[in-house]
Amino acid sequence: KMLEHLREFALEIEEEERHHNEQTLITVVSDSVSGIMLFFMLAQPSRGRQALFNTISRLFEGLSDIAKAVMIILIADTLLGYHSEEGWTGLFELVLGRYGFEAEEEGVVIFVGIVPVVIDVFFKYWIFIGLNKISPGAVVTIKQIDTH
């Protein structure tokens, strides 16, 4: 009786794991297909894509230098500020959980220690090189705010 109960229990666990693995595989495939389709849609020159980029560009260019600076600082502090460690940890755990993995503490620490720093470097590069060409006044405002 006990052996049959253990066998049934093992079969239930096997079925649950099989279902979990199937769901994870479906998630990986569907996310991959969606990502590839998005890449090709953005990579292909089209009037719709160009209209979207032009609209975003005009919205950004239409802002005052102070509004641009405040928006950039808000985004940077949200993504890269001192308080963002919990957000990056949550994002890492959410993404790993979506694909059926459990986040280990060492991986979380490495991810949180490296990814925001790399993003910060590219963000600062964009501010002082790219943004300087688009809106020099916003760069001056950001530099003034950073000194206070």
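Fair warning: this is a prediction, and the values are worked out from it, not measured in the lab. (Residues numbered from 1 in each chain as written. Predicted model: local features only at pLDDT ≥ 70, side-chain atom pairs only at ≥ 80, totals over all residues. Heavy atoms only, no water.)

### Description of helix 4 (residues 85–98)
Given 3.6 residues to a turn, an α-helix orients residues that are three or four positions apart in the same direction.
Logical step 1: Spanning 14 residues, helix 4 covers 20 Å between terminal C-alpha atoms, matching the ideal 20 Å at 1.5 Å per step.
Logical step 2: Within the sequence span of helix 4, burial applies to Trp88, Thr89 and Phe92. Projected down its long axis, helix 4 carries its buried residues within an arc of 100°, all on one side. With respect to the buried face of helix 4, the exposed residues turned more than 90 degrees away are Glu86 and Leu94. (Helix = DSSP H or I, 4+ residues; strand = E, 2+ residues; numbered from the N terminus. Expected span 1.5 Å × (residues − 1). Buried < 20%, exposed > 50% of the residue type's maximum accessible area, 1.4 Å probe, protein only. Arc of directions from axis to C-beta.)

### Comments concerning the packing of aromatic side chains
Logical step 1: By the definition in use, this model includes 4 aromatic pairs.
Logical step 2: Ring geometry for Phe39 and Phe40: centres 5.6 Å apart, planes at 65°, overall edge-to-face.
Logical step 3: The class of Phe39 is exposed, set by a relative accessible area of 55%.
Logical step 4: Classification of Phe40 as partly exposed rests on a relative accessible area of 47%.
Logical step 5: Members of the aromatic cluster, connected to one another through ring pairs, are Trp88, Phe92 and Phe111.
Logical step 6: Of note, Lys68 hangs over the ring of Phe60, and the distance from its end group to the ring centre comes to 5.4 Å. (Phe/Tyr/Trp six-rings, centres within 6.5 Å; stacked < 30°, edge-to-face > 60°. Lys NZ or Arg CZ within 6 Å of the ring centre and 35° of its normal.)

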